[in-house]
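The chain contents come next:
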Amino acid sequence: MTKQIINTSNAPAAIGPYSQAVKVGNTVYFSGQIPLDPATGNVVEGGIEAQARRAFDNLKAVAEAAGGSLDRIVRVGLFLTDLSEFAAVNAVMQEYFKAPYPARSTVQVAALPKGVGFEVEATMVLD
C-alpha cells in the first residue's frame, strides 16, 4: 500500500499530528475541515452558515489539491455542536454539492476544535 499525503496552502494547515488528506490507490480520505481561514488560521466570523461555507471551501481546496473535485466525493460526515442548525447547514451544503449527492451522516457532538460549531470530513474516489 502506497500512501500519498495531500497538502495545500489553500486550506488550513493541520493543527495536530495528521494530514489534510491521504490518497491510497484512487481513494482519498479527508481529515475533518473546520471553518478556519487558511490565510490567517483564525475561525471565520459569522454564524453557522459562514462556518459551513468556510469548511466546505477548505474541503474543496483539499479535493482539488488531490486532483479531484467535490463532484468526486462519495461520502461526507457532518458534525454540529447544535443539531437545531442542521437545516441551515443542509442549505449551504446544497450550494456545494449537486445530485447525485454523496452519502452522508450527520451527528451532534459536544464540542469541536477551536470552539467551532461545524466540521466536515469526506471520502473521494478518483478515476
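A brief look at the structure comes next. (Residues numbered from 1 in each chain as written. Predicted model: local features only at pLDDT ≥ 70, side-chain atom pairs only at ≥ 80, totals over all residues. Heavy atoms only, no water.)

### A few points about the packing of aromatic side chains
Per the counting criterion, the structure on display carries 3 aromatic pairs. Between F56 and F97, the ring centres sit 5.9 Å apart and the planes meet at 75 degrees, which makes this aromatic pair edge-to-face. One end of the pair, F56, is in helix α1 (residues 48-65); the other, F97, is in the loop between α2 (86-96) and β5 (103-108), and 41 residues separate them in sequence. Across the pair, exposure class does not vary: F56 and F97 are buried alike. Relative to F118, the ring of F56 lies with its centre 5.6 Å away and its plane at 50 degrees, an arrangement referred to as tilted. Within this pair, whereas F56 is found in helix α1, its partner F118 is found in strand β6 (residues 118-125), the two being separated by 62 residues in sequence. Of the two residues, F56 and F118, both sit in the buried class. Each residue in the set F56, Y96, F97 and F118 is aromatic and connected to the rest through ring pairs, giving one cluster. (Phe/Tyr/Trp six-rings, centres within 6.5 Å; stacked < 30°, edge-to-face > 60°. Helix = DSSP H or I, 4+ residues; strand = E, 2+ residues; numbered from the N terminus. Buried < 20%, exposed > 50% of the residue type's maximum accessible area, 1.4 Å probe, protein only.)

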